[in-house]
Every structure is written in structure tokens, then in C-alpha cells.
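Spelled out, the chains give:
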Amino acid sequence: MGTDSFNFMYEENMENLQDLQNKILTDISSAANLKKLEEIRVSVLGKKGLITEKMKTLGSLSMEDKIALGKELNLLKTTIENTLNERKQFLENQELNHRLANETIDVTLPIRPETQGRIHPISKIYEEIVAIFGEMGFEVAEGPDIEDQFHNFNALNMPADHPARQMQDTFYINNPNSPNVDDSFVIRTHTSPVQIRTMEKKHPPIRIIAPGRTYRSDYDATHTPMFHQVEGLVIDKTTTMAHLKGCLYDFVRAFFEIDNIKVRYRPSYFPFTEPSAEMDIGCRKSKDELKIGEGEDWLEILGCGMVHPKVLAAGGIDPNEYQGFAFGMGFDRLAMLKYGIPDLRTFFESDIRWLKYYGFVPLDESSMTGGLSNNGGLAR
Ligand code: PHE
């Protein structure tokens, strides 16, 4: 081709249409890219293109010539159009294949060494908890942070005059549709409302954990107004306190990565479980160190018990047919313990220096087989 002006190349007086066609088709099939192809199309079929111009001359011809030439020109036009389309398809495919071949990524390349992001210890603990209970066959359930009082209190066998409902503990939110305080919302004070929400949605057997944010009006070195809990709920026909103990023992062994960790259960009280207990783990407290798993001291880590029949009924489950256990555990304090972080408030101060020190390298995922906490993955 060698020139950009095709009109110039296909000279107007080129009378032999067959020659013209051959020339154009050769040019089309040797057009190296889509841009060139488009140039050819415009110069031949465009508004001022060669064929278009020729069509315009038909008007001045005799009827006979008009019919004959018109027919030939139309045929020529169709042939050119078809060839253009074929070539276009071909070039497009070629371009695609070229891109596919060139835009590959090498997944074996090392990650960029300057990666700075860190996983927050709370997120890490969250992943660890999900990994451990996931291995035991628990599903993760969720509920809203803004709850109604039915789910947060009433359905959990906490009548209106229960101390936990007093203003100093609970953050209430006005209900725009009702001035009645009983209708106001709360930001959930624990993850236990997810027990009720799960029972409303699912039929037993139920085996869920519900990790998430919880809120109470409290603030010191071991309490923040927003903190994290994980709820556990197991319901079946023959679920017993023995299952509860076995399950939680397996959990703390896996979580603290201590096989013979010492534990004990103390009788306790929660409105929504009967009987209720608290679980402690053994530890040794010395002046400036806390050693977990052995020693003469005890550390309370969670509340638990057999689901109260009234709670089952409130969730729409027949307490004569089903029974189950539940537990609830604050895991911010577990993160402090496990990773030696002295003040809970620093968790939520968003200090990038703190996160660089206490955070985790993103690629070290928690799993029961691949290593839970990957202490080697600590950023420090
Ligand atoms: N919801 C309780 C709390 O916040 C913990 C708990 C959950 C206790 C489930 C027993 C059973 O303290």
C-alpha cells in the first residue's frame, strides 16, 4: 500500500471494476491492523469513498447503463463489505490473542518487600476463633449492632427490671416512631441476641458462633465502650453440659496452643442459661508477667450454660424436644493475653506505630493445619 490516501490510489478512471475489486481486496487482506483497515473502509465505502462517489454518477447514465452498473457496483460493495468484516474479525482475534499472551502474571514472583499493611490483633483473633470452631463444624452467624430490646433482653429471659438493663450499662437509641422507652433500640450489649435471631431462622440441629462488636458504657485499661464478643450456640435433642465442657476445653487448648492447659468451671448466673457457669483458665501471675496454662491463679475467660427453656421457647423452639448450650466470650482481653498487649484502649486508637508493632503480616492466615497464630508472623 505505502500511501495513506486510498482515493488517490484507486484512480477514478480505473474503469475495469474487476481490477478495482482485486486491488481493494488485496489491500484489505494485507491491512496490518484495525486502524489501517478502517482507513481503507472510509476511502472506499465512506461518505466520500470511491464506491460512494461512483454510485453518485449513476444518475447521469442512461436507464440501461444505470441498471447494469448499479448492479455491479452493489455487488462490488457487498463483496468489499464482507471481506472487510472477515479481516476485521481476524485482526480482532489476533489482537486478543496477543493481549492474552502478553498480559499474563507470574504468580510465583515474590511479593513486594515494601508491603506495609498489618492485620490488627483483633482481626487476627477473630480469624483464629473462626478457624478453631470452623474445624469443629460451627457456622458463623451474624446479627445487627443496633438491636431491639426483644432480641437483646426480653427473649433472653431478661425482664424489664433486670439490672443489666439500667441506663449506666446500656446505650439506648431513640425510636423515632415511638416515644415509649420500651420501644427504644439499644446497641447490643452482648452477642447473645444472635442466639435468638438464629433460632428464629434455623431449625435444630444448630451449631453456630457469632463473633462481633458489642457495646457497654465502660472505660478503663481493660474496658472500652465498644468491645468484641463471640457467642456460641449448639442445639440438638441430646446436647448436654458434657458437650459444652468438651467443646470449650478443645477451644482453649487450640486457642492458647497449650495441650494440657488447666481449666475449671465455676457455677454462675445468667438469665438466659440454666445451669450457668464461668470458665477459668489456670495461670501464674507474678509481678510483671502472666503465664497462661499453669500455676495457682485463675483467669475468667467466658460465661456459659445450658440454654434456658424460656429462651428456646422465645426463639420458637420446643424446649420439650430440644436442649442446648451457649457461651459468650469477650475476645479483646484474649488478644491482650495472647499477644501481651497491656492496655485495651490502645486497640482502638488507630496509632499506626502501635499497629506496626502489634499487627500481623497479612499473608499469614490462621488455620488449624497451617498454624493458628503464626507467632513468626508477628510484625515485630
Ligand atoms: N452474654 C453473656 C455476657 O455478655 C455471656 C454468655 C453468653 C453467658 C451465653 C452464657 C451464655 O456476659
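Conventions we followed
The numbers attached to residues start from 1 for each chain and follow its sequence in the written order. Reporting of local features is limited, given that this is a predicted model, to residues whose pLDDT is at least 70; pairs of side-chain atoms are given and counted only at 80 or more, and all residues count toward the totals for whole chains, interfaces and linings. Calculation of side-chain values draws on the structure's entire complement of heavy atoms; hydrogens and water are dropped beforehand. Secondary structure elements are defined from DSSP: runs of H or I of at least 4 residues count as helices, runs of E of at least 2 residues count as strands, and each element is numbered from the N terminus. A radius of gyration in this sense is built from C-alpha atoms; the matching globule rule multiplies 2.2 Å by the number of residues raised to 0.38. Pairs of residues are marked as contacts when any of their non-hydrogen atoms sit within 4.5 Å. Under the convention used here, a 1.4 Å probe and the Shrake-Rupley method define accessible areas, while residue burial counts only the protein chains that appear. Under this rule, positive means Lys or Arg and negative means Asp or Glu; His and the chain ends count for nothing. We put the charge of a Lys on NZ, of an Arg on CZ, of an Asp on CG and of a Glu on CD. Between any two strands, pairing holds if DSSP finds at least two bridges. Only protein chains enter the calculation, and the probe is 1.4 Å; a residue is then buried if its accessible area is under 20% of its type maximum, exposed if over 50%, and partly exposed in between. Counting of polar contacts relies on pairs of N or O atoms within 3.5 Å, with two restrictions inside protein: one atom must be capable of donating a hydrogen and the other of accepting it, and residues adjacent in sequence are counted only when both atoms are side-chain atoms.

**Q** Give a description of the overall build of the protein that names residues and reports values.
**A** If you tally the helices and strands in the protein, you get twelve helices and eleven strands. Expected size for 380 residues packed as a compact globule is a radius of gyration near 21 Å; at 37 Å, the protein overshoots this value by more than 25%. Its C-alpha atoms give the protein principal-axis dimensions of about 110 × 50 × 40 Å. Put simply, 64% of the contacts in the protein that link residues at least 6 apart link residues at least 24 apart. In the form shown here, the protein has an accessible surface area of approximately 21,300 Å², with 52% of it arising from carbon and sulfur atoms. Of note, the protein has its 42 positive side-chain charges centred 2 Å away from the centre of its 56 negative side-chain charges.

**Q** Account for the sheet that holds strand S2 (residues 146–147), naming residues and giving values.
**A** Strand order in the open sheet formed by three strands is S2-S4-S3, and the pairing between neighbours is antiparallel. In the strand order of this sheet, the two ends are held by S2 and strand S3 (172–173), each with one partner. Bridge count between S2 and strand S4 (residues 185–187): two bridges; the pairing is antiparallel. The residue bridging Glu147 from the neighbouring strand is Val186, located in S4.

**Q** Give a detailed account of the side chain of Ser184, specifying residues and quantitative values.
**A** For Ser184, the position within the fold is in the loop between S3 and S4. Ser184 sits in the buried class, given a relative accessible area of 6%. From its side chain, Ser184 meets the backbone oxygen of Val181 in a polar contact 2.6 Å long. The residues contacting Ser184, other than those within four sequence positions of it, are Gln149, Tyr172, Ile173, Asn174 and Asn175.

**Q** I'd love a proper account of the pairing of strand S5 (residues 206–215), names of residues and values included.
**A** Within S5, eight of the ten residues are buried, leaving the element largely enclosed by the surrounding structure. Taken together, the two bridges between strand S1 (residues 139–140) and S5 define a ladder with parallel strand orientation. Directly across from Glu139, in S5, lies its bridge partner Ile208. Relative to strand S6 (residues 226–236), S5 is paired through ten bridges, and the arrangement is antiparallel. Pairing of Ile208 across the sheet is with Leu233, part of S6.

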